[in-house]
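Residues per chain are reported as follows:
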Amino acid sequence: MRDKTKLKDRCEEIVTCTGGWHRRQCNNKGKVVVEGKTYCGVHNPIRLAKKREEKEAEWDLKRERMNEQADRRQVMYAYFEGVSTEEIKNLLRQKRG
Ligand SMILES: [Zn+2]
C-alpha cells in the first residue's frame with residue numbers, strides 16, 4: 001500500500017472534479033504556504049481574497065451606477081409628471097433640431 005499522506009510540495013486545496021461528485025487534492029505544485037497550508041498559484045487564498053475584493057469593488061461600482069440611474073429615472077419621472085411619453089419624445093426631437 002502506497003503512502004497516501006499529503007505531499008507537502010503539492011497544493012493542499014481539495015478540488016471537485018468535473019461532474020462534481022469526486023473530490024481530490026489539487027494536483028498543482030505548491031507555491032505559497034498560508035497558515036501552515038500549501039497552495040498553488042490558483043488556490044492561493046491571498047490571491048483569491050484579493051480577487052474577491054476586486055469583484056466586490058466592481059459590484060459596488062455597478063450597484064452605485066444602477067442606483068444613480070434609478071435616481072435619475074425618479075427625478076425624470078417627477079419632472080415629467082403629467083407629460084405624456086409622446087410629448088417628451090416631441091420635446092427631444094425639437095432639442096435635436
Ligand atoms: Zn491548487
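Computed from a prediction, not measured in an experiment: that's the story for all the values here. (Residues numbered from 1 in each chain as written. Predicted model: local features only at pLDDT ≥ 70, side-chain atom pairs only at ≥ 80, totals over all residues.)

Side note on the overall build of the protein chain
Part 1 of the reasoning: Looking only at helices and strands, one finds two helices and four strands in the protein chain.
Part 2 of the reasoning: Beginning at the N terminus, the succession of helices and strands in the protein chain can be written as β-β-β-β-α-α.
Part 3 of the reasoning: For the protein chain, whose C-alpha radius of gyration is 27 Å, the value lies well above the compact-globule estimate of 13 Å for 97 residues.
Part 4 of the reasoning: Overall, the protein chain is about 85 × 30 × 25 Å in size when its C-alpha atoms are taken along their principal axes.
Part 5 of the reasoning: Scored against the burial criterion, the 97 residues of the protein chain give a buried share of 5%.
Part 6 of the reasoning: Taking as baseline every contact in the protein chain between residues at least 6 positions apart, the subset at least 24 positions apart corresponds to 23%. (Helix = DSSP H or I, 4+ residues; strand = E, 2+ residues; numbered from the N terminus. Rg over C-alpha atoms; globule rule 2.2 N^0.38 Å. Buried ≥ 20, exposed ≤ 12 C-beta atoms within 10 Å, placed from the backbone. Contact = placed C-beta atoms within 7 Å.)

Things to note about helix H1 (residues 45–79)
Part 1 of the reasoning: Across its 35 residues, H1 extends 50 Å between first and last C-alpha, which sits within 8% of the 51 Å expected from 1.5 Å per residue.
Part 2 of the reasoning: Counting buried positions over the 35 residues of H1 gives zero, only a small fraction of the element. (Expected span 1.5 Å × (residues − 1).)

Here's the deal with helix H2 (residues 85–96)
Part 1 of the reasoning: Taking 1.5 Å as the rise per residue, H2 with 12 residues should run 16 Å; its terminal C-alpha atoms sit 17 Å apart, in good agreement.
Part 2 of the reasoning: Among the 12 residues of H2, zero are classified as buried, and the element is accordingly described as predominantly exposed.

Overview of the environment of Ala 49
Part 1 of the reasoning: With respect to the secondary-structure elements, Ala 49 resides in helix H1.
Part 2 of the reasoning: Take Ala 49: there are 11 C-beta atoms within 10 Å of it, and that puts it in the exposed class.
Part 3 of the reasoning: Separated by 20 residues in the primary sequence, Ala 49 and Gln 69 place their C-alpha atoms 30 Å from one another.

A few points about the domain arrangement of the protein chain
Part 1 of the reasoning: Domain parsing of the protein chain yields domain 1 (7–43) and domain 2 (44–97).
Part 2 of the reasoning: Each of domain 1 and domain 2 has a C-alpha centre, and these two points are 41 Å apart.
Part 3 of the reasoning: Each partner contributes to the interface: domain 1 provides six residues, whereas domain 2 provides four residues.
Part 4 of the reasoning: In terms of residue class, the side of domain 1 that touches domain 2 is made up of three nonpolar, two polar and one charged. (Domains from an automatic or database assignment. Nonpolar A, V, L, I, M, F, W, Y, C, P; charged D, E, K, R; others polar.)

Observations regarding the environment of Asn 27
Part 1 of the reasoning: Of note, Asn 27 is situated in the loop between strand S2 (23–25) and strand S3 (32–34).
Part 2 of the reasoning: A tally of 9 C-beta atoms within 10 Å means that Asn 27 is categorised as exposed.
Part 3 of the reasoning: In the structure, Asn 27 is positioned 13 residues away from Cys 40 in sequence and 8.8 Å away in space, judged by C-alpha atoms.

A look at unusual backbone geometry
Part 1 of the reasoning: Of note in this structure, Glu 35 is not a glycine but carries a positive phi near 50°.
Part 2 of the reasoning: If you trace the backbone, Glu 35 turns up in the loop between S3 and strand S4 (37–39).
Part 3 of the reasoning: Owing to 6 C-beta atoms within 10 Å, Glu 35 belongs among the exposed residues under this scheme.

Examining the environment of Gly 19
Part 1 of the reasoning: Mapped onto the fold, Gly 19 is located in the loop between strand S1 (14–16) and S2.
Part 2 of the reasoning: On the basis of neighbour counts, which here come to 6 C-beta atoms within 10 Å, the residue Gly 19 falls in the exposed class.

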